[in-house]
Structure formats: C-alpha cells, structure tokens
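The residues making up each chain are set out below.
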Amino acid sequence: MKLTTTIQVSVDGVMQGNGGLHVEDRRLGFERGEWARPLFDDAAMSYVDQLYQRADAFLFGRRTYEMFAASWGAVEEMRAHPVGVALNETPKYVASTTLTAPHWADTTVLPGDLAAAIGELKAKPAGELQVHGSGALIRWLLENDLVDEMTLLIVPVILGQGARLFPDSGPDIALDLVDSRVDAKGVTIQVYRPAGRPQYATNRNT
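Please read all numbers here as calculations on a predicted model, not as lab measurements.

This paragraph deals with unusual backbone geometry. Although it is not a glycine, Ser 134 adopts a positive phi angle of roughly 55°. Along the chain, Ser 134 falls in the loop between β5 (128–132) and α7 (135–143). We note that Asp 145 has phi near 55°; this positive angle belongs to a residue other than glycine. For Asp 145, the position within the fold is in the loop between α7 and β6 (149–155). Classification of Asp 145 as exposed rests on a relative accessible area of 67%.

Here we come to helix α2 (residues 42–53). When the terminal C-alpha atoms of α2 are compared, their 16 Å separation across 12 residues agrees well with the 16 Å that a helix rising 1.5 Å per residue should span. Residues of α2 that are buried: Ala 44, Tyr 47, Val 48, Asp 49, Leu 51 and Tyr 52. Sitting at the head of α2, Asp 41 places a side-chain oxygen 3.1 Å from the backbone nitrogen of Ala 43.

Looking now at the packing of aromatic side chains. According to the stated counting rule, one finds five aromatic pairs in the structure shown. Aromatic pair Phe 58 and Phe 60: ring centres 6.1 Å apart, planes at 15°, arrangement stacked. On the basis of relative accessible area, Phe 58 is assigned to the buried category, the value being 0%. Judged by its relative accessible area of 0%, Phe 60 falls in the buried class. An aromatic cluster is present here, built from Tyr 52, Phe 58, Phe 60, Tyr 65, Phe 68 and Trp 104 joined pairwise through their rings. The ring of Trp 104 carries the charged tip of Lys 92 above its face, separated from the ring centre by 4.8 Å.

Bringing the sheet that holds strand β8 (residues 188–194) into the picture now. Ordered in space as β4-β3-β2-β5-β1-β6-β8-β7, the eight strands form an open sheet in which the pairing is mixed. Where the open sheet ends on each side, the last strands, each with one partner, are β4 (107–110) and β7 (175–182). When the angles between neighbouring strand axes are averaged without regard to direction, this sheet yields 25°. Relative to β5, strand β1 (residues 2–10) runs parallel, the two sharing five bridges. Across the sheet, the residue bridging to Thr 6 is His 132, located in β5.

Rules and cut-offs
- Residues numbered from 1 in each chain as written.
- Predicted model: local features only at pLDDT ≥ 70, side-chain atom pairs only at ≥ 80, totals over all residues.
- Heavy atoms only, no water.
- Helix = DSSP H or I, 4+ residues; strand = E, 2+ residues; numbered from the N terminus.
- Buried < 20%, exposed > 50% of the residue type's maximum accessible area, 1.4 Å probe, protein only.
- Expected span 1.5 Å × (residues − 1).
- Polar contact = N/O pair within 3.5 Å; in protein donor to acceptor, adjacent residues only side chain to side chain.
- Phe/Tyr/Trp six-rings, centres within 6.5 Å; stacked < 30°, edge-to-face > 60°.
- Lys NZ or Arg CZ within 6 Å of the ring centre and 35° of its normal.
- Pairing = 2+ DSSP bridges.
- Axes fitted to C-alpha atoms, helices over the stretch in contact; angles between N-to-C directions.

Listed below in structure tokens is the structure:
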C-alpha cells in the first residue's frame, strides 16, 4: 500500500489554521485563520475531492482526527459531501498514544510501535493510505522514510506567522516532481516522490 501525504501550506510554509481558527490557535497567538479556501477555484476543489475518493484508508494524527470527526464525521451536510462520503466509508487509523475510545465509525488506534504498525499497513498488496493535514505526523513519517508520495497545495499568500510544516532543523530529502498544476487563483499543486538524500555542490579550489 502506497502512503501519501497531502497538506495545504502558504508560500512561507505555514500550515496552521488553513480552514479556520481553533481554540489552540488563538491560545498560541495565531490570528490569520481560514486563509486557504478563498483561493481554491472549482478545479482545485475537484482535485481534492477526487484525491479523497481514491483513498483505501486514512491515517491521522490525533488533533486532525478529532477536528475531522467533529466536522466531516458529524455535520450532516459535510457527511454528504464527496470528501465526507469518502471519509465516512473508508477505514481510518489514528497515530496516538492517548486516544483510547474513538467515536468515529471504522476507526482503529494504532498501538505500540507506530513504525511497525504503519509498516504492516504499507505491506498490504495494493491501495493508498492517505495522510491529510497532521503536520507533526507528516514530519515524523518523513524522518522515518515512510512517505511514498507527498502532495503540497501551495496557496499564494504569505502569512508571516504560524506553525510551519518543515522545521528549521530536520532531515534533508531530495524530491522527484511527479505532477504539477496551478488553478486560476494561483494555488499550485505539486506532487513529489522522496528520492533519498540531496546532492550538494561542493566548493573546490581552482
């Protein structure tokens, strides 16, 4: 099973509050929520809908899981949306050491050794295990070489504050570009495949 990640980021790499402000965002001083949706045209939204619909399973960090469960899993209008249908009809896995009684149907909390549990899912003969949002989880997956494909939806806005997807210090990863497209409002969709360590130019005395 191929593990893919999808996340919306601003041009300066912020992932926080793309869909709206939450209590924790305000507590941390982030005030610029819901910055992504106004710049998504019909083509970009259709791309996202189709992305969810092709999933064979979903993997979430706890915070993203709880936000999705309270919206896509609970609000009737959202449940009827193509994304909601995909989420509600497809197995969901949560990487959490604290969640013990998930209420969203068809949810499994991955116990014990997370890398081993995800390895077992990836060992299935076919399908796509999708990660949406869940920035901390995506960073951990990249650090542990578990990502097969990464989709970045780069929204043409500079936020100047907020949590960023990639840390100031982390693993260096070369990427092969698999697909690239842009919508009418400037949202760029970039699909990458991790390709080992980058090659660096070396300074040589001449």
